[in-house]
Each structure stands twice: as C-alpha cells, then as structure tokens.
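Fold and contact review
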Protein chains: 4
Amino acid sequence: MAMSGVLRPGHMQLKVLDLEESIDFYTNVVGLIQTGREGDRAYFKAWDERDHHSLVLRGAGEAGMDFFGFKVTDDATLAKLEADLNAYGVTTERIPAGDLLETGERVRFEIASGHQIELYSQKTAVGTPMGDTNPPPWCAAAEQGIAPIRMDHALLYGPDIEKVQALFVDVLGFYLVEHILLEDGETDLAIWLSCSTKAHDIAFVRNEEPGKLHHTAFLLESWEKVLRAADLMSMNQVSIDMGPTRHGVTRGTTIYAFDNSGNRFETFCGGYATYPDIPPITWTWDEVGPAVFYHDRQLNPAFLDVYT
Amino acid sequence: MAMSGVLRPGHMQLKVLDLEESIDFYTNVVGLIQTGREGDRAYFKAWDERDHHSLVLRGAGEAGMDFFGFKVTDDATLAKLEADLNAYGVTTERIPAGDLLETGERVRFEIASGHQIELYSQKTAVGTPMGDTNPPPWCAAAEQGIAPIRMDHALLYGPDIEKVQALFVDVLGFYLVEHILLEDGETDLAIWLSCSTKAHDIAFVRNEEPGKLHHTAFLLESWEKVLRAADLMSMNQVSIDMGPTRHGVTRGTTIYAFDNSGNRFETFCGGYATYPDIPPITWTWDEVGPAVFYHDRQLNPAFLDVYT
Amino acid sequence: MAMSGVLRPGHMQLKVLDLEESIDFYTNVVGLIQTGREGDRAYFKAWDERDHHSLVLRGAGEAGMDFFGFKVTDDATLAKLEADLNAYGVTTERIPAGDLLETGERVRFEIASGHQIELYSQKTAVGTPMGDTNPPPWCAAAEQGIAPIRMDHALLYGPDIEKVQALFVDVLGFYLVEHILLEDGETDLAIWLSCSTKAHDIAFVRNEEPGKLHHTAFLLESWEKVLRAADLMSMNQVSIDMGPTRHGVTRGTTIYAFDNSGNRFETFCGGYATYPDIPPITWTWDEVGPAVFYHDRQLNPAFLDVYT
Amino acid sequence: MAMSGVLRPGHMQLKVLDLEESIDFYTNVVGLIQTGREGDRAYFKAWDERDHHSLVLRGAGEAGMDFFGFKVTDDATLAKLEADLNAYGVTTERIPAGDLLETGERVRFEIASGHQIELYSQKTAVGTPMGDTNPPPWCAAAEQGIAPIRMDHALLYGPDIEKVQALFVDVLGFYLVEHILLEDGETDLAIWLSCSTKAHDIAFVRNEEPGKLHHTAFLLESWEKVLRAADLMSMNQVSIDMGPTRHGVTRGTTIYAFDNSGNRFETFCGGYATYPDIPPITWTWDEVGPAVFYHDRQLNPAFLDVYT
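Residues numbered from 1 in each chain as written. Chains lettered and ligands numbered in written order. Predicted model: local features only at pLDDT ≥ 70, side-chain atom pairs only at ≥ 80, totals over all residues.

Take the pairing of strand β4 (residues 41–45) of chain A next. Residue and element names in this part refer to chain A. Counting buried positions along β4 gives 4 out of 5 residues, so the element sits mostly inside the fold. The pairing of strand β3 (residues 33–38) with β4 spans 5 bridges and is classified as antiparallel. Residue pairing for β4: Glu-38 is matched across the bridge by Arg-41. Remark: 2 residues form the turn of the hairpin made by β3 and β4, two consecutive strands paired antiparallel; Gly-39 in that turn has positive phi of roughly 55°. As paired strands, β4 and strand β5 (residues 55–59) are joined by 4 bridges and run antiparallel to one another. Its bridge partner lying in β5, Tyr-43 is registered against Val-56. (Buried ≥ 20, exposed ≤ 12 C-beta atoms within 10 Å, placed from the backbone. Helix = DSSP H or I, 4+ residues; strand = E, 2+ residues; numbered from the N terminus. Pairing = 2+ DSSP bridges.)

Written out as structure tokens, the structure reads:
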C-alpha cells in the first residue's frame, strides 16, 4: 500500500546508429555511467540511480525506442499485473531473466499506440558512488557531463491514446495528471500519466504513425543545472531543439536536444508533486503553445513533426 | 495501486499562545493563505495546495502539536485502515465530519511515541489561484511572505520509536528511508518514514518525554527560495535556529526557525525522491553531526533539547 | 582616480507609441518605479537605483531611442569632457538643467553611428526603499513585476562603429571588452565597450541605417530571476524574441522581448567583471552564432533585422 | 579615465604552516590553479583570472598575511602613485621585478593598521583555459574543487582605521561604501572601501593588535555555488566558521571557513555594484548583528576574536 504495484520507469532501450559513438555521447556529454556491455548493447545508469541500468543503447540501422520498462514492487506483483493484463485482453510475453544484464524476468506487451512496454521486479542494485552509510549529498560523477539524477520518463507518439490511458489507469494503477485537448474540445492531443507523485512517469501524444519516440527525459536538480546542461550541449556541439525554457504542462524547466542518432532527449528540472486525488489539469487547444513551451507561447515546428 | 492507501500528510493542528498574533505570523511571514476560522481555530493552506487546509492553529495555553493527519485514497481505504489498526491492537476514534472545517470523518489514534495521528479521506478541494485549466506555473500568492508550496512533513519527539516504525510500516504502508544510530550501533536515534516517493512524510526522534513536536516542515521550490526565506525571517525579526544549510539526511536544504509561540518550523527544499525497493540509508553515531547539519558537521545545542 | 570620469549609463529616453499603455507596461510588467511625469514624458527608476530616473518614456509617433546618457563624476569632469569632445572635433550642445526632471545640465552630442549621446553630472538622488542606514538586502518593490536592479546598458545599431569606438575610447575613457568580426576577419560586426568593470556599458552593431536601437538592457540578480522574468512575460502575453538563454559574448544569461511599441528590451543576468588591462575577446565570423546565442549556436532571424 | 589608477586587488601573500599541505588544500579543496613554485612560495590563480597569480602561499612558522597588492593601470600610474604616497608622508619601498614570479616592480608601504600594502603594474598574463578567441563561458577547471572566479578582496584587522581610510581615499582613489559604527555613534568599527564598482576591494575592522588578517575572499558565481562550496567543505572536513548565510553589509552571500593553517577565507557571491557618487551605507551599533550576519542577526563569537 501507499507506494506499491508499478513503482517507476526502470529502463528504456534506445536504438542508436553507431553504438561506439553513442556510448561516448551518453557517457561524456549526457554524463551517464556505463555499467555493462554485451553484444550490440551498452548499459547505463545515472549517478544517483541504484539499479544496474536505466538506459540501454542498442546499435541498429535506425533510431527510436525498442521498449520502455517499469519496475514493480516484487515478483508477486509482477505475476498479478501480468494476470490483470491478460484478463484485460492484453497478450503478454515473458522475457527470460538475464536477457537484459542483471535483470529478472520481464513481462512485455504492446499497447494500442504501438509501443512495447515491459514490467519487471528484479534488477541488481549496484548502488551509488555515495554508498548507503553516511553518504555525502553528491559525488564527483554528479559533475561529469550533464550528469542527470535519473532517467525519469518518456514521451511516446502513437495512435489510440484513449486506449493507452485506459490500460495504464485501469490495469496498471496510473492516473491522469494533465492533458491537452484538440480543437474539438473533447479529444486529447496529449496525456501525462503518473504512477507516483511525479507529474509524469509516461506521456503520449496522438500521432498517426505508431510506436514512435518523442523523447527520453533525464532529471536535473535545479534550473541552474539546466543552464549548465545547455552550456555543455553547446560546448559539445549538440543540436538543441528548444530551451532552456519552461513547460506549461508540469511546470518543469527543460531543454530538448538530439543525440547523435537523432533521438530527442530532454534534460529537465522540476515539475510539481501530485497525487491521485487531485483532478487533472486541462489545457485547451488555443493554449497549446504555452502548454508546451510556456515562454514562447507557441510550438516550435519540430515538436510535432520530428520523432524517431 | 501504484499510489494508494495513505497518500500524504494532510494537516497539522498546532497550538499557539496568541491566536491573532499567530494568524498574522503564518499569513504575513510564513505566507500561507487563511481559508477558515471557527472559535479558537484558524485554517491555512499553501498557495499550491488544493485541499481546504493543511495547517490549523489553535489558541492554547501552551505550544505544541494537537494532532497530525494523513489523507488516504478514499472512504473504503479509510475503513480498511481503521480495521487494520484495530486488528493490530490500536484503539481508534472516529472524529465526526465537520469537526475540522470542510473535512470528513477522521480516524484518530495514539501511537507509542505519544502523538495523536489521524487518517481521513475527505476534505473540500478549494483549488489553487492558478486554477485547473491552462494554469500559469505560479501566482502572486507565491511571493507573499515565505510562501511555501505545501506543508510537507513533521518531525516528532517521543519514546518507543521502534513501535512507531512497526505501526507505520506494517499497517500504514510506509517504509524506512533513513535512520541515525545511537552509540550502541543498534538502536535508532531517529527514523525517517515515507508513504510516497518523498524522502520523508514523517520522522521521529527518540525522546523520553512523549508527544512532542520538533518541527513542522514547509516545502520551498529552490535553494534561492531558501535564501529568500531567510531574508524574510530577518526582515521580520524571526528567530532562526539554524540555517540556511543542508541536511545530510534527505540531502534537503533547510532553515529552522521559531514561530511566535516557540514552535519550531522548517522551510526546506529538495531531498531526493526514493522508492520502497531502495534500502534505507544508515547514519552512524560518529556522523550524527553531518547527518543533521551537513555543513557544520555538528548538532547545535537547541536541536535535541528545544521542542514543544 | 580608480573610478572617475564617465561612471555609468544614467538614462535612456525611449519613444513609445502610447504613453499611458507604456507606463502601465514598464510599471507592472517590467517592474520599474515611476518617479515623475511632465508633458509627454514619464520617468522611471529601478528599485535598487538611487538617482531620480534611468528610463524616460516619451510618447511619440514612432518607437526608438531619443538619446542615451552617461553620468560623470562631477561638474568639473563634465566641463573637461565637453572640452575634450570639442577638441576631438565633436560638436556639443548644453541642454539646460531641469529639461529632464531633477537633472542638471547635459552635454549632448551625436556620434558617427547617428545616436544622440549625453553626459551629465547632476541628478537628484531619491534613494532606494531600503534606505542608507541598516538597509535590508531587498524590499517589496524587488518583487513587483520583473523588477530589475538597474538599467544597465544599451545595444545600438548604426554605421561607422570604428569611429564610435575611437571616440568612446580616446575621449571618454572606455575600453573594448569584446568584438565580433565579419567574414573578412578584420572589420567588426559588433563591439562591446566598458567604462567600468562591467562587461558592457554600451555596445554597437554595424548597420547601414543610423541611429537605431537594438535593445535597452535591465539587470537581474540571478538565473532564477531570469526564469521568473520569462514566466512573467508569458503571464502578461509579452512577445519574447529569444531566451532564456546565454550569450557567448559577456557570458550573460538573457531574455530579449518587445515592449508594446516594439522596442526590444533585455532582462539579463551575469556577465563577468573585467578591467582595462585585460585584452579584448574576439569572436570570429564562423562563431557568430554562439557569440550571440550560445546555446542555439545560431542567430535568430529577428536579431539583425528587427530594431527601432 | 573612467577606470584607471588602482584597478583591483592583485595578490595576497599568505603565511601557511605546512606548505605542501596547503598547496594540496588550495588546489584540491579551494580549487585554485597552481602556476608557479620557487623556494618556500607557491603561486595560484583562479580559473577565470588572467594574470599569473593572485594568491601566494609562503611556508612560515605562523599563519597570517605578508602583504596585499593592488594592480594599477601602468608604470606611469605606479610612479605617480608612489610620488603621491611619498608626498602624503608615506615611506615606500621598491621591490625589484621578479621578486614575485612573473611580476614587475612593486611599491610597498605600511599603512596605519600595520599591514603591508603593495602597488604594481606588471604581471604576466597567462590567460584562462577558455582563451581569448571564441571562448566558452567556463571550463573544466571551473568545477575542480570550490573553484572561485577570482581572489576578490581582503578584510584586515588593525588600529587607526581612520588613517587607513584617509590614505586609501585621498591618495589611492578609493571611496567608502559601507561602515559600521561603534556604540558611540561616531567611531567606525569597520569600513568597506572600493576602487571600482565592487562593494569592497578591501575592508578593515578596528583592532588593537596591528597587521592582522581576518579573511581573504574568493568570489563564486551564484548562491547555488555557495551551497556547492559548503558541501565540498564538509566532504573535505573543512572547518566552517559561519554560513552559508548573507551579509547585511554588501548583501553578499557567504561562507567563512579556515584553511589548514587557521587562516580564515571566505567564499562568497554577490554584493551590489556601486559607484563613487553613491553615499556610504551606515550600520549602527545596535544593528551590528544583521550588518555582519543578516540571518542570525548576531555576531558569532569567533568573528571578532579569531584572526591570524
């Protein structure tokens, strides 16, 4: 109770065009810590994450996301959620333990938007450089590259986001935090869903083409760290899509940029804490500009059209 | 699931020596919004809180805390938790709806440390000045006085904190986030408990005298807001106990100060997000200084001895 | 000696299309304090400025700048600089005391870029709300609107900026802090000049059309105040040209926006301190993007083409 | 003109008890860059300083300051100021070029407070890691240790501070920015003097014992960097005297700490910009607490009694 069931986003497997180049980028620019390598996959965690990895890069012929996984409380919860998904009419697949390094069995399923989602309960806790006894508040790795605190959420593009919302809410225990309406004032353009007190653990934008990734988001500690991230992007010739700025949705401060395969990532800070008893915030179509980019009050052209 | 059961600290009823003076203090210095008044009680919420109140001041002959209440998901959860408490051997009392303004029935019980704890599921949502449709990220009230985002947690002093921890963990679904050991290396001096992803929703320090309040904590948005709070305290001749500084425990940045009745309050920022699958952080006795005040590396004399 | 001669930018007279509307804008959005009004002119100072005004709005049929004035040490210095200007071949005009409210005689002259520049030594010190005895570090006015600390500098567009630089350096005691070269690697596109330890007290961009204003700049205290300024701009539907971002030149963080007459203004923070013994920083043409907007690494279309 | 004569504090020679240990401390904790070594002296600069050094450590049997030097515009100014000092009745000594590494002739003299002050015009510009062409806003060295921007000022303890003030104002072109009065309401306890737009380039506290050092101050870029500095001090077991907090005088945010020889140093941020036409700020004796430590509103015992 209190905090149970689906806990948090646990990993994203991302397709990259040149694995070695991407390892360099996510290590030295994004500032993640490489924790593993097998075949065409490299594993990374943020300095303040304890589990073995939160980002997996896979060398591939195209950019985009392979799957996005959530950690659940324990094995019993994993089994229960699998049964609930099946009862809901969702076909699931068990990926064997060890398929991802240091990770237990995963329950994988496709959602209506065309994305592969996973649940898992076991991943080796490798800990942080600060340790669990008398830890300092941060460590040297917190200043190597952009150095986010954690992989925080993903924004995915695909169709049928009503069905996606229903599945996440009815079966997985998420709740709707914010949504942007289309011109008809009824249909959602985008939805932000939480399984915790975060303003978003996953979000979806309605899009004809299924299974697409808009961005993977990494959490920073302050608006000053957002500035530092933007500086480091420029020092490293990273292509910034937008920012530093603030989102209307979630209030978070943000930068969108592209990795060297064209995958968009976000380095963001803030966003309020919320709870399932709080009614969702609604953004109307005429305010879609400030909803997404609060300062400019308009979408940049790339926001809706560029994804991987 | 995901986020259910006990959601969050919902209210603190605080005893103050001079109600009118305290209303002025909590309105104009702390920067809360008064939302109600009946008899010897005044009700307050923070600008970003949606429920009717989170702080209740009661005029009394002494300072201290009357009770601390947690909001739970719904009526069914309230009934279930009441039954669980009773089954655990805890006597509960139902306080009728309306006893606190705009609040439903509350289930009250005393814990081993001598504090009155409450659960409730209903409180009128009066909303924020920003509204729920196309809201700006903040509003004028966010700059009236210290203007915290929310009443966040409390630190309570009393005996038998092992029993307290067991009750919160076994019955109410909390988990231990951090603890400080005494010299014997076994017994806890202090424990920090969470029912969410917050590093603490409630905390206890072992103390012979039962039922005491160390501080009520109000959340700020940034370290710069902590500086602003300290400035406002000085402008208003508020007695600062400690800070601005950082805690080792939770990593939060903080100021401790006293209201005009001698009740300590904290204006703090930060602290990491955590989850129940993450093992607790342990502070050993020789590091109790940095555990509490990370920069000075020693307790100030008032920390252990002054409470209400 | 040490700090003498030309001290600092002291006032900008700005043409606005609708004086009443602009008074409202500069009071309630920009957050300046109105200190006077006579005829078609309104006078403003920032909360932390002591002299009577730093911005004068004049109702006019077009936007743009009337003149930009620098305060000098004393009357003797004013006379000396006037003589030096005349000896340098610059025609000067004495504007009588009182022509600008609470301001002594001004020495006005036109520079090669077509701008009217003034020197003056006397302006009534009206002080700050904090006072000069036991002052608090800030006051309520510091949170009314964007509330800059001071009018800081101006960026002007016009031809013959070499002649302008020579005049400012040889006669007025300024020094070159940074410059951006054109494609030929020899001619300057833009120059930043200081008469103090500020990275810029005035700056010029080469432009065929003379006498134009690119922006008036107002200083903020921190990057967090820059965010707050951007939020307030959006809350007030102010058109943001660019930012929040960082300049390569001066390292300052910045937002460019337009007032309701189309005059660009900057709310910025930072920039390093410098000294006349430090050699100028040079930006080459291929790096003009990061020189101006360090994060995006490219000029936005409006930067060179939109001015008043 | 404008900025001429005495430019800025250029170097402090500090006595340390164990030179090797102190080199380690100022390199790895304070985060200065060692630029030279000869005999019992080691030379350091901050990452954003261009001249060869600003701090010289000398191994000695006791802690304290040997001398504090100001850079002046050029050789002619040095000669002129030397003549002015002599005319004022001050005996000066010429220290030969090369006595300090990469430094020209220095004019040394003793002031009434018993301190050795120097003027010099030549020091090799070794530049910054960012360079002078297309420089990034910061570099890796900006995150090695506390990594201040510059050595900024010193606060010295000694008698006859009226005479000191007269000399700095009448001969060296400084001006009084703030002062704290003693109980008699006439005599100064402390004075802050500027030769620039900084709120202090040097400061003095009245003290019976002559020639003493209260602290050397290093400038940080933001309040968040002040927090980072405090964190690093704790991580390195540095003894913090006071802070993070704010000064009433200058408004700067600050930490005072001790190096491993017992010399106090300050890592601070902010403080307003000022000008010689602005009247000094006066603090009265009853407000000496907030004048020095604005938040606590009282001096800590060490402030007046501990110096080297």
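Alright, that's what it looks like, and here's the rest.
Attention now moves to helix α2 (residues 75–87) of chain C. With 13 residues, α2 of chain C ought to run about 18 Å at 1.5 Å a step, and its terminal C-alpha atoms sit 18 Å apart, in line with that. Gly-89 of chain C sits one or two positions beyond α2 of chain C and adopts a positive phi of about 100°. (Expected span 1.5 Å × (residues − 1).)

Considering every residue of chain A, the mean pLDDT works out to 97; 99% of them sit at 70 or more. Model confidence for the complex: the whole-complex pTM is 0.98, and ipTM, which rates the interface, is 0.96. (pLDDT = per-residue confidence, 0-100.)

This part takes up the interface of chain D and chain C. The interface is formed by 38 residues belonging to chain D together with 37 residues belonging to chain C. Among the residues forming the side of chain D that touches chain C, the class breakdown is 18 nonpolar, 11 polar and 9 charged. (Contact = placed C-beta atoms within 7 Å. Nonpolar A, V, L, I, M, F, W, Y, C, P; charged D, E, K, R; others polar.)

Another point: the sheet that holds strand β13 (residues 202–206) of chain B. Residues and elements named next belong to chain B. Pairing is mixed in the open sheet, where 9 strands are placed in the order β15-β16-β17-β14-β10-β13-β12-β11-β18. The sheet terminates laterally at β15 (240–246) and β18 (281–283), the two strands that pair on one side only. Sheet twist, expressed as the average angle between the axes of neighbouring strands with direction ignored, equals 15°. Where strand β11 (residues 175–181) meets strand β12 (residues 188–194), 6 bridges bridge the pair, whose relative direction is antiparallel. When the sheet's bridge partners are listed, Leu-176 is paired in β12 with Leu-193. In the packing of helix α3 (residues 161–170) onto the sheet, the strands contacted are β11, β12 and β13, and the crossing angle to β12 comes to about 15°. (Axes fitted to C-alpha atoms, helices over the stretch in contact; angles between N-to-C directions.)

Let us now look at the relation of the copies chain D and chain C. Note on the identical chains: chain D maps onto chain C by a rotation of 180° and an axial translation of 0.0 Å, with an RMSD of 0.0 Å. Here the copies are linked by what is in effect a two-fold axis. It is Met-3 of chain D whose C-alpha, among those of chain D, lies nearest the rotation axis, at 2.4 Å. Interface overlap between copies is the fraction of interface residues in one copy that are interface residues in the other; for chain D against chain C it reaches 97%, indicating a shared surface. (Least-squares fit on C-alpha atoms with pLDDT ≥ 70 in both.)

Across the contact, 37 residues belong to chain B and 37 residues belong to chain A. Contributing elements (two or more residues each) for the side of chain B that touches chain A: β1 (3–4), β2 (6–16) and β18 of chain B. A breakdown of the residues in the side of chain B that touches chain A according to their chemical character gives 17 nonpolar, 11 polar and 9 charged.

The next point concerns the environment of Arg-106 of chain C. All names here are of chain C. Along the chain, Arg-106 falls in strand β8 (residues 106–110). A count of 26 C-beta atoms within 10 Å places Arg-106 in the buried class. Spatially, the C-alpha atom of Arg-106 lies 25 Å from that of Glu-162, the residues being 56 residues apart in sequence. Sequence-distant contacts of Arg-106, that is, excluding residues within four places in its chain, are made with Gly-69, Ile-95, Glu-118, Leu-119 and Tyr-120.

Residue and element names in this part refer to chain A. Structurally, chain A comprises domain 1 (6–124) and domain 2 (150–305). The distance between the C-alpha centroids of domain 1 and domain 2 comes to 20 Å. Where the side of domain 1 that touches domain 2 is concerned, the elements lending two or more residues are β2 (6–16), α1 (19–29), β6 (64–72) and α2 (75–87). At 6 residues, the largest contribution of residues to the side of domain 1 that touches domain 2 is made by β2. For the side of domain 1 that touches domain 2, the residue count by class is 20 nonpolar, 6 polar and 5 charged. (Domains from an automatic or database assignment.)

Let us now look at the relation of the copies chain B and chain A. Screw-axis analysis of chain B against chain A gives a translation of 0.0 Å along the axis, an RMSD of 0.0 Å, and a rotation angle of 180°. The overlap is high: 100% of the interface residues of chain B also sit at the interface in chain A, so the same surface is used on both sides.

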